[in-house]
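Coordinate inspection notes
One letter stands for each residue in the lines below.
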Amino acid sequence: MTKRAGFVALIGEPNAGKSTLLNRMVGAKVSIVTHKVQTTRARIRGVAMACDSQIVFVDTPGLFRPRRRLDRAMVAAAWSGAADADVVVLLIEAHRGLTEGVQAILDGLAERAEGRRVALAINKIDRVKAEVLLALTEKMNAAFPFEKTFLISAEKGHGVDDLKAWLAGAMPEGPWLYPEDQIADLPMRMIAAEMTREKLTLRLHQELPYQLTVETEAWEERKDGSAKIDQIVYVMRDGHKGIVLGNKGETIKAVSTAAREELEAFLGRRVHLFLQVKVRPGWLEEAERYSEMGLDFKDGA
Ligand SMILES: Nc1nc2c(ncn2[C@@H]2O[C@H](COP(=O)(O)OP(=O)(O)OP(=O)(O)O)[C@@H](O)[C@H]2O)c(=O)[nH]1
Ligand SMILES: [Mg+2]
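Remember, it's a predicted structure, so these values are computed and weren't measured experimentally.

Calculation criteria
Residues numbered from 1 in each chain as written. Chains lettered and ligands numbered in written order. Predicted model: local features only at pLDDT ≥ 70, side-chain atom pairs only at ≥ 80, totals over all residues. Heavy atoms only, no water. Buried < 20%, exposed > 50% of the residue type's maximum accessible area, 1.4 Å probe, protein only. Helix = DSSP H or I, 4+ residues; strand = E, 2+ residues; numbered from the N terminus. Pairing = 2+ DSSP bridges. Right-handed = clockwise from strand over helix to strand, strands pointing away. Core = buried A, V, L, I, M, F, W, Y, C linked by side-chain atoms within 4.5 Å. Domains from an automatic or database assignment. Contact = heavy atoms within 4.5 Å. Axes fitted to C-alpha atoms, helices over the stretch in contact; angles between N-to-C directions. Donors = N, O, S within 2.8 Å, 3.2 Å for Na, K, Ca; no water. Salt bridge = Lys/Arg side-chain N within 4 Å of Asp/Glu carboxyl O. Parallel < 35°, antiparallel > 145°, perpendicular 65-115°, else oblique. Left-handed = near helix turned anticlockwise from the far one by under 90°. Buried area = accessible area lost by both parts, 1.4 Å probe. Polar contact = N/O pair within 3.5 Å; in protein donor to acceptor, adjacent residues only side chain to side chain.

**Some details on the pairing of strand E4 (residues 87–93)**
The side chains of a regular strand alternate, first on one face of the sheet and then on the other. Extensive coverage of E4 is indicated by the burial of seven of its seven residues. With burial as the criterion, each face of E4 is covered, one bearing Val 87, Val 89, Leu 91 and Glu 93 and the other bearing Val 88, Leu 90 and Ile 92. Where strand E1 (residues 4–12) meets E4, five bridges bridge the pair, whose relative direction is parallel. Note on E4: the bridge partner recorded for Gly 12 is Leu 91. Between E4 and its parallel partner strand E5 (residues 117–123), the chain crosses via helix H3 (residues 100–112), and the hand of that crossover is right-handed.

**Things to note about the nonpolar core**
By size, the foremost hydrophobic cluster in this structure holds 93 residues, and its most contacted members are Ile 11, Leu 109 and Val 244. Sort the elements by how many residues they give to this core and helix H2 (residues 69–84) lands first, with eight residues. Counting the residues that make up this core, at least three belong to each of domain 1 (4–170) and domain 2 (185–300). The contacts of Ile 11, once residues within four sequence positions are left out, are Lys 18, Thr 60, Leu 63, Ala 78, Trp 79, Ala 82, Val 88, Val 89, Leu 90, Leu 91, Ile 105 and Leu 109.

**Considerations on the sheet that holds strand E7 (residues 184–185)**
Whenever strands of a sheet pair, they do so through backbone hydrogen bonds, lying parallel or antiparallel. As summarised here, the arrangement of the seven strands in space is E6-E5-E4-E1-E3-E2-E7, forming an open sheet in which the pairing is mixed. Two strands in the sheet have a free side with no partner beyond their single neighbour: strand E6 (148–151) and E7. Of the strands in this sheet, E1 and E4 touch H2, which is tilted by about 145 degrees from E1. Running over the sheet, helix H5 (residues 160–170) touches E1, strand E2 (44–50), strand E3 (53–59), E4, E5 and E6 and is turned about 110 degrees from E3.

**Focus: the pairing of E3**
The buried fraction of E3 is high, at seven of seven residues. Neither face of E3 is exposed, since Ser 53, Ile 55, Phe 57 and Asp 59 on one face and Gln 54, Val 56 and Val 58 on the opposite face are all buried. Sheet topology note: the E1/E3 ladder contains seven bridges and is parallel. Note that in E3 the partner of Ala 5 across the bridge is Gln 54. Sheet analysis places E2 next to E3, joined by seven bridges and oriented antiparallel.

**Some remarks on the coordination of the magnesium ion (ligand 2)**
Surrounding the magnesium ion (ligand 2) are the protein donor atoms Ser 19 (OG) and Thr 40 (OG1), at 2.0 to 2.1 Å. Residue Ser 19 is located in helix H1 (residues 18–26), and its partner Thr 40 is located in the loop between H1 and E2; the two are separated by 21 residues in the primary sequence. A relative accessible area of 8% means that Ser 19 is categorised as buried. The buried category is assigned to Thr 40, whose relative accessible area is 6%.

**Quick word on the pattern of salt bridges**
For the coordinates displayed, the defined rule picks out 24 salt bridges. The partner of Glu 220 in a salt bridge is Arg 222, and the shortest N-O contact between them spans 3.9 Å. Close ionic contact of Glu 288 with Arg 289 constitutes a salt bridge, the shortest N to O distance being 3.7 Å. Taking relative accessible area as the criterion, Glu 288 reaches 48% and is therefore assigned partly exposed. Several salt bridges converge on common partners, so that one network encompasses Glu 215, Arg 280, Glu 286, Glu 288 and Arg 289.

**Examining unusual backbone geometry**
Unlike most non-glycine residues, Gln 38 shows phi in positive territory, near 60 degrees. Relative to the assigned elements, Gln 38 resides in the loop between H1 and E2. Of note, the phi angle at Lys 124 is positive, near 65 degrees, even though the residue is not glycine. Assignment of secondary structure puts Lys 124 in the loop between E5 and helix H4 (130–143).

**Quick word on the packing of helix H6 (residues 188–203) against helix H8 (residues 250–267)**
It is at 9 Å that the axes of H6 and H8 come closest, and there the two elements cross at 140 degrees. On the basis of their axis angle, the class for H6 and H8 is oblique. The two elements H6 and H8 meet at a crossing, and its hand is right-handed. Together, Met 188, Ile 191, Ala 192, Met 195, Thr 196, Glu 198, Lys 199, Leu 200 and Arg 203 of H6 and Thr 251, Ala 254, Val 255, Ala 258, Ala 259, Glu 262, Leu 263, Phe 266 and Leu 267 of H8 make up the contact between the two elements.

**Here we look at the domain arrangement of the protein**
Partitioning the protein into domains gives domain 1 (4–170) and domain 2 (185–300). Domain 1 and domain 2 are separated by 26 Å when their C-alpha centres are compared. Counting from both sides, the interface comprises 23 residues of domain 1 and, opposite them, 30 residues of domain 2. Buried area between domain 1 and domain 2, both sides added, is near 2,400 Å², and the carbon and sulfur share of it is 54%. The residue Lys 29 makes a salt bridge to Glu 198 at a minimum N-O spacing of 2.7 Å. The interface formed by domain 1 and domain 2 contains 15 residue pairs in polar contact (both at pLDDT 80 or more).

Structure representation (C-alpha cells):
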C-alpha cells in the first residue's frame, strides 16, 4: 500500500461553511461554528483518514476586506494556509453565488496560491433548487480554472464523501504526518477557549462577539479524573462586561454551562469551568492576545 499525506486548505468568504466542513471531514467538532461571520480566527488543523491517505484539513478564517488589526491578522493567516497547502478548496455558498467577495478571492488565488491545485466546493446546496447549480458551476469555472467542482452540503453531508475521496487521491505520496488516532492539531487549552467563545458568540448580539477574546488561564488535572479549567473573557469596555455577565450573571452562567457540557463530551470526563470577565480596552493591540489565538501580531500591522 502506498501511503499518502498532505494538507488541504479550506478557504472562502466568512460564513461559507468551512468549519462545518472540517468538522464533518474529521468526524468531530474541532472548529467552532456559528451563524455569524468571522467566527474562525486562526488556522485550525483537523486530521482525516481516507483509505491510505491522511488528509490534514486546514480551516482558515474567512477572507474579507480587513479593517482592524485583528481582521488583517486573520486574513493573513487564511492566505498563508492556502499558500502552504497541497490542495486548496474554495467554498462558496450556493444561494449567494459569485459575489464580489468571491471574485476578490479568485483574484487573490491567482496571485497567492500559484501552482496549487484548486478545487471548488459549492456548499449549502440544500438551500437552492438543482437548476441553480448547473449555471453557477459554469459561471465559476469560466471565472477560474478549477481542477474539479463539487456540489456539497457540509451540514447535511451531501457530496462530502466524493470530495474526500478525490482529495485522498490528490495527496502526495509520503508517510503520515500525525498518529492515526489524532484528530486535531491544536492545544486542548485553545480548543477549550474556542468552545467558550462559540457559546458567547451564539448568545451575544451585534458587534460584541468581535470585540472579545477568550483565553484558558489555568488547567489543572484533578486526582478524581476531572479537570479544573479557568478562563478569562477579555472585553473592551465596562458596558460590555455587564452585557457578558447579564442580569444577575445569568448570561455568563448559561455560557459557562453550555461550554462545560461540550468540553465534558469532548474530553469524556468531568470538567469544572470557571469564567472571569476582564475589561481590557487595548486587547486588540496586544501581541500576547494574538499569540494565544494562534495568530501573528505582526501580520496585522
Ligand atoms: N443550510 C446550510 N447551512 C450550512 C451548511 N454548511 C454550513 N452551514 C451554516 O453556515 C453557518 C456558517 O458555518 P461555519 O462553518 O461557521 O462557516 P465558516 O466558513 O467557518 O465561517 P467563518 O469562520 O466565519 O469564516 C452556520 O450557521 C452553519 O450551520 C450547509 O451545507 N447548509
Ligand atoms: Mg469558521
